Structures are given as structure tokens and as C-alpha cells.
Amino acid sequence: MLLSVVVPAFNEEEVLSAFHERLIAVLGALPSEYEILYVNDGSRDATLEILGKIRKQTPQAAIIDLSRNFGKEAAMTAGFDLAKGDAVVVIDADLQDPPELIQDFFRAWNDEGFDVVYARRRTRSGESWLKRTTATAFYWTMSKLSQVEIPRDTGDFRLMSRRAVESLKQLREQHRFMKGLFAWVGYPAKEILYDRDPRFKGVTKWNYLKLWNFSLEGITGFTIAPLKVATYLGLVISVVAAVYGTIIILQTLIQGSDVPGYPSLMSVILFLGGVQLFFLGLIGEYLGRVFNESKRRPLYIVKDYQAARSSDS
């Protein structure tokens, strides 16, 4: 039995050594062989050099060095594509997700037969009130709009069986919202609650702009509900405008001509113009995704792959 662990890394020089020590302590206690696939996602610091030292010290460690920064979603995909294990764990290197939880993942998969075991955050230490609130709002929105149930307060930290991984590998779309893809493939799943720690060292790579764009990926990738809202809203505004226009005509015929106020007229024009521009941009988001999918570019490019030298734990 072989367990693969995929670790995407982008500029994680400050935390990699401490993360690796905790990880191998956990994996060494499991009744399974293991391999660790570190995916260097175009890091600009000493991440690759540190990974080279780790690989020399740990025969089970492999390095997938991407040609540039393709993003975490693509880095995870590269790891899944090259993982050989009967089950695959994906975990970040920042130590916010405790590697010790992998033991619970393993038992739920090996002993209880679950294909997917994911970690759900009970608390989120080190995060601002605004980030926690926006995260809650995002998961609530996705639960209302998406046809696929995406677990709330759940990141990428999880274990997937080989058949779940093979199903996931068939999904090659360019705009990858992995939390949605994990849920889309289905299979029996189990959640494990945990308390998320602050970053061990370093700073997060996710600012609010990136998080906003990431939320757009999720919404536009797993539902067309916003387009339906645009249709219904346009229909409602058209009906209201037709009724109001009829009332104005009748008043003019009965009571004579009436000159409407300029401010109210401009307010209505600007409101309708704003609504049109908003939904035109929304349509552009969907159209842009169709354009990117039509080019059929690879999800990532591997510059160098240094395989594990041994699978003995």
C-alpha cells in the first residue's frame, strides 16, 4: 500500500523545513509506504534549493518543478497527475493545516472505506474578522447557487482514494476551482473537524483581490445562476417600465402634458445603465472562460521532475 502526499509550494522557504519534519514524523508512523511530491510553483525565493536538500535527506521525496507560477490549482493538478499512491493527500506547506490529521484521514479511508476524507475548519485562528465574514458569505452563496454541494469552511486539505483521483484527473478545464471539482466527482466522503492554526512563518499569498477573483472562479465555474438573475431582472425591469409608460400616457391623455423632473430622469437612466454594464461584464466573464477553454492549452508545464528514489518508509 502506497500513500502519496502532494504539497504545492510557492515562496515557502521560511516554513518548508519545519513542515517536512512534522510530515515525515506522521507518515513514518502509518502502516503504509509513502511518497511526498513537492510541487514548486515557480517560486522566486530559495524554495527549490531547500526542496533539493529535503530530497537528498528523504528518499521518498520527489520534486515537480513547474516552468513558472501557474497557480495553486494547477500545482495541485500536477501533483495528482504524477502521484502513484493508492490514496493521495493534498496539504499546504504553511502548517495552518496540521499534518497530524493525516492519521485520521488514513483510518477513515483504510478502515472505514471512505473515498474522500476532508478537513473542515472549526475555528480559523490568525484570520481577520473581515476574512472570516467574507468566507462565510462565499460558502453561503455557493450553497444557494451551485447544483453541487460544496462543504462549508473546507479547504484543499484532504485525502482521496485512487478511484476518486482518477475521476478527478479527467476534469481538465482551464479555470479550476478545486473545491468544486473535489465535490463534483462525488464518492462517499467524511469530514473531520479541526482547529486551523495561524501561519507558522511567512505571509499569505492571498490578498483580497485574489480572493475575489477566486470566488468568481467558483461561482462562474459551477453555476449559471447569475445569468438567470440577469434574465429575470431584465424581464422585471421591462414589465415595470411598460406599466409606468402606460400610466404616463394615460395621465397625459386625461390630465394634459406633464414635464418630468430632470434629476429623477437621470437617476433612472444611470441606474439602468449600471445594471446593463454589470450584467454585460458578467456575460463577459462567462464568455472569457469559453475563450480560454477553446485554446486547449496545457494546465501546467513541468520544467524538471526529480522522482523519489525509494518508496520504503
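Parameters and conventions
Residues numbered from 1 in each chain as written. Predicted model: local features only at pLDDT ≥ 70, side-chain atom pairs only at ≥ 80, totals over all residues. Heavy atoms only, no water. UniProt positions renumbered as here; feature names shortened; annotations may be inferred. Salt bridge = Lys/Arg side-chain N within 4 Å of Asp/Glu carboxyl O. Helix = DSSP H or I, 4+ residues; strand = E, 2+ residues; numbered from the N terminus. Axes fitted to C-alpha atoms, helices over the stretch in contact; angles between N-to-C directions. Left-handed = near helix turned anticlockwise from the far one by under 90°. Contact = heavy atoms within 4.5 Å. Nonpolar A, V, L, I, M, F, W, Y, C, P; charged D, E, K, R; others polar. Buried < 20%, exposed > 50% of the residue type's maximum accessible area, 1.4 Å probe, protein only. Phe/Tyr/Trp six-rings, centres within 6.5 Å; stacked < 30°, edge-to-face > 60°. Core = buried A, V, L, I, M, F, W, Y, C linked by side-chain atoms within 4.5 Å.

The name given to the protein in an unreviewed UniProt entry is Glycosyltransferase involved in cell wall biosynthesis, with the source organism recorded as Limibacillus halophilus. Note on the protein: under the UniProt heading Sequence similarities (unreviewed entry), the record states "Belongs to the glycosyltransferase 2 family. GtrB subfamily."

**Digging into the pattern of salt bridges**
For the structure on display, the rule yields 12 salt bridges. The residue Arg 120 makes a salt bridge to Glu 191 at a minimum N-O spacing of 3.4 Å. Taken together, the residues span a long stretch of sequence, with Arg 120 in strand β5 (residues 116–124) and Glu 191 in strand β7 (residues 189–196) at a distance of 71 residues. Through salt bridges with shared partners, one network takes in Lys 72, Asp 92, Asp 156 and Lys 179.

**Regarding the packing of helix α1 (residues 16–28) against helix α2 (residues 47–57)**
For the pair α1 and α2, the least separation of the axes is 10 Å and the interaxial angle reads 30 degrees. Between α1 and α2 lies a crossing whose hand is right-handed. Contacts from Leu 16, Ser 17 and His 20 in α1 reach Thr 47, Ile 50, Leu 51 and Ile 54 in α2. Split into classes, the residues belonging to the contact of α1 with α2 amount to four nonpolar, three polar and no charged.

**Concerning helix α3 (residues 72–82)**
Across the 11 residues that make up α3, a large majority, nine, are buried. Residues of α3 that are buried: Glu 73, Ala 74, Ala 75, Met 76, Thr 77, Ala 78, Gly 79, Phe 80 and Asp 81.

**Things to note about the packing of aromatic side chains**
Enumeration according to the criterion identifies five aromatic pairs in this entry. Ring plane angle 55 degrees and centroid distance 4.8 Å describe the contact between Phe 105 and Phe 157, whose orientation is recorded as tilted. Placement of the pair is Phe 105 in helix α4 (residues 102–110) and Phe 157 in strand β6 (residues 154–161), with a sequence separation of 52 residues. For the pair formed by Phe 105 and Phe 157, the shared burial category is buried.

**Description of the nonpolar core**
Formed by 35 residues in total, the largest nonpolar core has its most connected members in Leu 3, Val 7, Leu 23, Leu 27, Tyr 38 and Ile 102. Once you skip the residues sitting within four places of it in the chain, Leu 27 turns out to touch Leu 3, Val 5, Tyr 34, Ile 36 and Ile 102. Listed in part, the 26 residues of the second largest apolar core include Val 6, Val 88, Leu 168 and Leu 171.

**Here we look at unusual backbone geometry**
Most peptide bonds adopt trans geometry, and most residues besides glycine take a negative phi value. The phi dihedral of Leu 95 is positive, around 65 degrees, even though this residue is not glycine. Tracing the chain through its elements places Leu 95 in the loop between β4 (87–90) and α4.

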